[in-house]
Amino acid sequence: MKKILALVLALTLALGTFSFAAAAPEDVVGTDYEDAVGKLTYLGIIAGFPDGTYRPGEPVTRAQFAKIIVTALGVGEAAQYAAGTTKFADVPADHWATGYINVAADLGIIVGYPDGTFAPENQVSYAEAIKMIVAALGYTPKAEQMGGYPGGYLAIAAEKEISDGVTVINNMAANRGDIAIMIDNALTVPMMVQKTWGQYPEYGEDEDQTLMKKLGVKEIEGRVVAIPRVDSKLDDNEIRLGEAEDKDDNGVYEVIEGVDFELAFGNEVTLFVKKDKVLGLTIESDFFLDAIEVDGDELTLEDEDEDYDISDDVVIWVNGKSAKTIGDSDYAKVVLDDEDEVIFIDAYVWDDFIVVEEVDDEVVFGYDEELDVEDYTIVKDGKVIGLDDLEEGDILYFRDSAEFAE
């Protein structure tokens with residue numbers, strides 16, 4: 001475990017966020033599509049191109065979307081057994097997507113056009129994509145009661161936040177980036193299931209059924225109380241949750257390579273666990289990264305210029321060690337509870353700082369000074385980064401390694 005932690009001072013931050021293991025293709029990094037594409041890539045729902053791009057602006061065909069939605073339902077493997085003749089006149093038996101089209105048709109996700117065709121190579125429109133997503137989630141009866149296609153389906157998509165972050169123009173071809181966002185939004189929506197049978201069946205939402213769960217992914221909630229940086233009993237790929245439901249005996253979870261859990265430390269999170277490994281997590285609590293000042297039971301965020309009461313149950317870490325008080329800390333991650341009181345503080349007292357001019361190998365050069373960062377963990381905006389992510393002008397604060405927990 002690395003002993004020295006260096007941190008690039010970040011602007012105040014207060015948001016929920018998430019981290020998944022799969023690195024997004026280069027052409028979506030830094031865009032609104034990055035998180036969704038990275039997550040869906042890891043889950044195997046979508047894929048990029050051989051040249052390493054995702055091409056978020058390109059359209060999606062109806063056949064391609066049939067594959068995406070069937071895969072999102074966790075029944076993609078069934079497509080290989082369903083390949084062959086379809087009920088659609090314009091889909092030949094040797095078409096690559098017949099298995100996905102047949103599964104989607106059998107599940108009532110697609111019905112084709114009134115003339116008996118499916119038009120597999122046509123570009124899927126936003127309205128058509130939303131209709132298939134809503135149908136896959138089981139909301140067809142409700143959508144039909146609300147006016148049917150397209151209005152009823154669009155209304156449910158808005159109600160369930162499936163279309164959040166997307167500008168929906170009904171008949172316009174949906175691009176690959178927006179498709180990823182909508183599928184991602186749909187992953188945790190409770191599915192509509194049939195509750196009663198007979199002449200007038202009743203339907204209702206089932207919180208225990210989601211696309212994520214159909215993919216074999218469990219959602220586990222809790223607060224991250226320890227990470228390897230502060231607990232030498234943890235392996236480099238482990239975290240510990242406190243008061244989590246459905247946890248193992250000691251609350252320790254193995255995190256797959258690529259999931260950045262530094263930002264999650266101290267926060268309420270939802271872990272997405274598959275085959276006993278954390279493939280990603282979302283941060284549920286509000287938190288800040290800011291310079292701080294403490295006066296009694298009140299904490300001031302300097303850049304945010306806001307004051308918060310400190311909870312009686314606050315957990316405090318100073319320079320990587322558990323502490324009773326904040327002392328003369330300069331900077332901290334500050335997490336709020338549901339009452340907007342400070343429940344967690346991860347604080348630091350810095351020895352010095354260097355303004356980054358350039359990076360050469362493992363040496364950071366400032367203006368007339370340099371810093372060997374071979375043994376440093378570098379954190380920027382609460383996330384562990386590599387040397388390649390340092391930029392000119394970043395302010396790198398640091399302490400001597402002896403001050404950090406072994």
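Below is a summary of the structure that appears in this document. A quick note: this is a predicted structure, and the numbers were derived from the prediction, not measured.

A word on the overall build of the protein chain
From N to C terminus, the protein chain includes nine helices and 22 strands. Per-residue burial over the protein chain gives 51% buried out of 406 residues. For the protein chain, the share of sequence-separated contacts (at least 6 apart) that also reach a separation of at least 24 residues comes to 59%. Carbon and sulfur atoms provide 44% of the accessible area of the protein chain, an area that totals close to 19,900 Å².

So, unusual backbone geometry
At the junction of Tyr149 and Pro150, the peptide bond is cis and its omega measures out at 0° in the coordinates. In this fold, Pro150 is placed in the loop between α6 (140-145) and α7 (151-159). Phi at Glu161 takes a positive value of approximately 65°, unusual for a residue other than glycine. Tracing the chain through its elements places Glu161 in the loop between α7 and α8 (176-186). Notably, Asn319 is not glycine yet its phi reads approximately 55°, a positive angle. For Asn319, the position within the fold is in the loop between β12 (306-318) and β13 (321-323).

Considerations on helix α4 (residues 98-106)
Burial analysis of α4 places eight of its nine residues in the buried class, which makes it a mostly covered element. The complete set of buried residues in α4 reads Thr98, Gly99, Tyr100, Ile101, Asn102, Val103, Ala104 and Ala105. Against α2 (62-72) and α3 (79-82) lie the buried residues of α4. Looking one or two places after α4, you find Gly108, whose phi comes out positive at around 80°.

Focus on the sheet that holds strand β18 (residues 363-365)
Within a beta sheet, neighbouring strands are joined by backbone hydrogen bonds and run either parallel or antiparallel to one another. Ordered by their spatial adjacency, three strands build an open sheet running β17-β18-β19, and the pairing between neighbours is antiparallel. Two strands bound the open sheet, and with one partner strand each, they are β17 (358-360) and β19 (370-372). Recorded for the sheet is a direction-independent mean angle of 20° between the axes of neighbouring strands. Strand direction decides the pairing type here: β17 and β18, joined by three bridges, are antiparallel. The partner of Glu358 across the bridge, within β18, is Phe365.

Some details on the packing of aromatic side chains
Evaluation of the coordinates by the stated rule reveals five aromatic pairs. Among the aromatic side chains, those forming a connected cluster through ring pairs are Phe265, Trp317 and Phe344. Geometry around Phe272 places Lys39 over its ring, the cationic atom sitting 5.9 Å from the centre.

Remarks on the side chain of Thr86
You can see Thr86 is positioned in the loop between α3 and α4. For Thr86, a relative accessible area of 12% corresponds to the buried category. Here Phe88 takes part through its backbone nitrogen, which lies 3.1 Å from a polar atom of the side chain of Thr86. Other than its neighbours up to four places away in sequence, Thr86 contacts Val91, Thr98 and Asn102.

Concerning the nonpolar core
Ranked by internal contacts, the top residues of the largest apolar core, which has 94 residues, are Ile45, Phe65, Ile183 and Leu271. Sequence-distant contacts of Ile183, defined by excluding residues within four places in its chain, comprise Leu40, Ile45, Phe65, Ile68, Ile69, Ala72 and Ile133. One finds Tyr308, Val318, Val334 and Ala347 within the second-largest nonpolar core, a separate group that totals 15 residues.

Comments concerning the packing of helix α5 (residues 126-136) against α8
Where α5 meets α8, the closest approach of the two axes is 11 Å, and the angle between their N-to-C directions is 20°. The angle between α5 and α8 falls in the class roughly parallel. Considering only the axes of α5 and α8, their crossing is right-handed. Counting all contacts with α5, which are made through Tyr126, Ala129, Ile130 and Ile133, the residues of α8 involved are Asp178, Ile179, Met182, Ile183 and Ala186. Of the residues assigned to the contact of α5 with α8, the class counts are eight nonpolar, no polar and one charged.

Focus on the pairing of strand β11 (residues 298-301)
Pairing of strand β10 (residues 287-295) with β11 involves four bridges; the strand directions are antiparallel. Across the sheet, the residue bridging to Glu293 is Thr300, located in β11. Hairpin connection between β10 and β11: a loop of two residues separates the two successive antiparallel strands, and Gly296 in this loop has a positive phi of roughly 65°. Inspection of the sheet shows β11 paired to β12 by four bridges, in the antiparallel sense. Looking at β12, one finds that Leu299 is bridged to Tyr308.

Description of the environment of Gly138
Along the chain, Gly138 falls in the loop between α5 and α6. The class for Gly138 is buried, based on a relative accessible area of 19%. Placed 53 residues apart in sequence, Gly138 and Met191 show a C-alpha to C-alpha distance of 5.9 Å.

Reading guide: rules and limits
Residues numbered from 1 in each chain as written. Predicted model: local features only at pLDDT ≥ 70, side-chain atom pairs only at ≥ 80, totals over all residues. Heavy atoms only, no water. Helix = DSSP H or I, 4+ residues; strand = E, 2+ residues; numbered from the N terminus. Buried < 20%, exposed > 50% of the residue type's maximum accessible area, 1.4 Å probe, protein only. Contact = heavy atoms within 4.5 Å. Areas by Shrake-Rupley, 256 points an atom, 1.4 Å probe, with all protein chains shown as cover. Pairing = 2+ DSSP bridges. Axes fitted to C-alpha atoms, helices over the stretch in contact; angles between N-to-C directions. Phe/Tyr/Trp six-rings, centres within 6.5 Å; stacked < 30°, edge-to-face > 60°. Lys NZ or Arg CZ within 6 Å of the ring centre and 35° of its normal. Polar contact = N/O pair within 3.5 Å; in protein donor to acceptor, adjacent residues only side chain to side chain. Core = buried A, V, L, I, M, F, W, Y, C linked by side-chain atoms within 4.5 Å. Parallel < 35°, antiparallel > 145°, perpendicular 65-115°, else oblique. Left-handed = near helix turned anticlockwise from the far one by under 90°. Nonpolar A, V, L, I, M, F, W, Y, C, P; charged D, E, K, R; others polar.

Fair warning: the whole summary comes from geometry, so function is off the table for now.
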